[in-house]
Amino acid sequence: MVHIYRGEMGQSPDQEIIQAIQRGDKGAFEQVFHACYENLCQYAFTILKDMDEAEDIVQSMFLKIWERREDLNIQHAIRSYLFRAVYHQCINHLEHRTIKLKHQEYGVLEGTSRVQQPEIFPDELSNSIQSVVNELPQQCRIIFMMSRYEELRYAEIAQKLNISVNTIENQISKALRILRLKLKDHF
């Protein structure tokens, strides 16, 4: 029988459960899901302050784990891995929420004081964005594309590129700053 490793941080993960999930054992996956789901949702809620969003984050994280099960590389206890994954998903979600709110506020402020702007065609904007992305420094461009186009979390990018999450955050901020600066005429 497969059991969930409940050891302390720093101890090795329960390889049996991880290997079972990697092999596509739905029972093992469901066991982890049922054992951790509520606690992960409560944890996400403490960060997001919205239970619907918290549940979406946790469900999305489990879906990604299942879809990428063959590539699972968990170095710590599976529970620790899940909580870290939810934490990073929540932080990314909060960043996107903040950007979205600023965008909306900017649109409202600009909309009340600006004369009607000429319509921007989607292809033109898309080409402009791609052009600016192509001009980004190499590491910055790679990290930005992995985050925005491949929809990888910062922790996943850091692991793939063998660099810190802090470096990922700095490079994403740099890319967004450059994009805002070079595309300001489009908005």
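Residues numbered from 1 in each chain as written. Predicted model: local features only at pLDDT ≥ 70, side-chain atom pairs only at ≥ 80, totals over all residues. Heavy atoms only, no water.

Visitor: Give a description of the overall build of the chain that names residues and reports values.
Guide: Counting its secondary structure elements, the chain contains eight helices and zero strands. Taken from N to C terminus, the helices and strands of the chain fall in the order α-α-α-α-α-α-α-α. When the 187 residues of the chain are sorted by exposure, 34% land in the buried category. Expressed as a percentage of contacts within the chain between residues at least 6 apart in sequence, the contacts between residues at least 24 apart total 65%. (Helix = DSSP H or I, 4+ residues; strand = E, 2+ residues; numbered from the N terminus. Buried < 20%, exposed > 50% of the residue type's maximum accessible area, 1.4 Å probe, protein only. Contact = heavy atoms within 4.5 Å.)

Visitor: I'd like a description of the pattern of salt bridges, backed by residues and values.
Guide: Applying the stated criterion across every chain yields a total of three salt bridges. Notably, a salt bridge pairs R68 with E156, separated by 2.7 Å at the nearest N-O pair. Here the residue R68 occupies a position in the loop between α3 (51-67) and α4 (78-113), and E156 occupies one in helix α7 (residues 154-161), the gap between them amounting to 88 residues. Its relative accessible area of 32% is what places R68 among the partly exposed residues. By relative accessible area, which is 14% here, E156 ends up buried. Note that E156 and R153 form a salt bridge whose closest N and O atoms lie 3.4 Å from each other. Through salt bridges with shared partners, one network takes in R68, R153 and E156. (Salt bridge = Lys/Arg side-chain N within 4 Å of Asp/Glu carboxyl O.)

Visitor: Break down the nonpolar core for me, citing the residues and quoting the values.
Guide: Core analysis: the biggest nonpolar cluster contains 28 residues, and F62 and L82 have the highest contact counts within it. At the level of elements, α1 (15-22), α2 (26-48), α3 and α4 are the ones that each hand at least two residues to this core. In terms of residues, this core owes the most to one element, α2, which gives nine residues. Excluding residues that lie within four positions of it along the chain, L82 makes contacts with V32, C36, L40, M61, F62 and I65. Formed by 17 residues, the second largest nonpolar core is a distinct cluster that contains L136, F144, L176 and L179. (Core = buried A, V, L, I, M, F, W, Y, C linked by side-chain atoms within 4.5 Å.)

Visitor: Quick rundown of the packing of aromatic side chains? Include the residues and the values.
Guide: Inspection of the entire model under this criterion finds five aromatic pairs. Here the aromatic residues F29, F33, Y37, F62 and W66 are joined through ring pairs into a cluster of three or more. Sitting over the face of the ring of W66, R69 holds its NZ or CZ atom 4.0 Å from the ring centroid. (Phe/Tyr/Trp six-rings, centres within 6.5 Å; stacked < 30°, edge-to-face > 60°. Lys NZ or Arg CZ within 6 Å of the ring centre and 35° of its normal.)

Visitor: Kindly report on the side chain of N92, identifying the contributing residues and their values.
Guide: Within the secondary structure, N92 is located in helix α4. Classification of N92 as buried rests on a relative accessible area of 10%. Apart from residues lying up to four places away in sequence, N92 is in contact with R153 and Y154.

Visitor: Can you explain unusual backbone geometry? Please cite residues and give values.
Guide: A positive phi is found at K49, a non-glycine position, where the angle reads about 60°. Residue position: K49 is located in the loop between α2 and α3. Exposure remark for K49: the relative accessible area of 62% places this residue in the exposed category. We note that N162 has phi near 60°; this positive angle belongs to a residue other than glycine. Tracing the sequence through the fold places N162 in the loop between α7 and α8 (165-183). Classification of N162 by relative accessible area gives exposed; the value is 70%.

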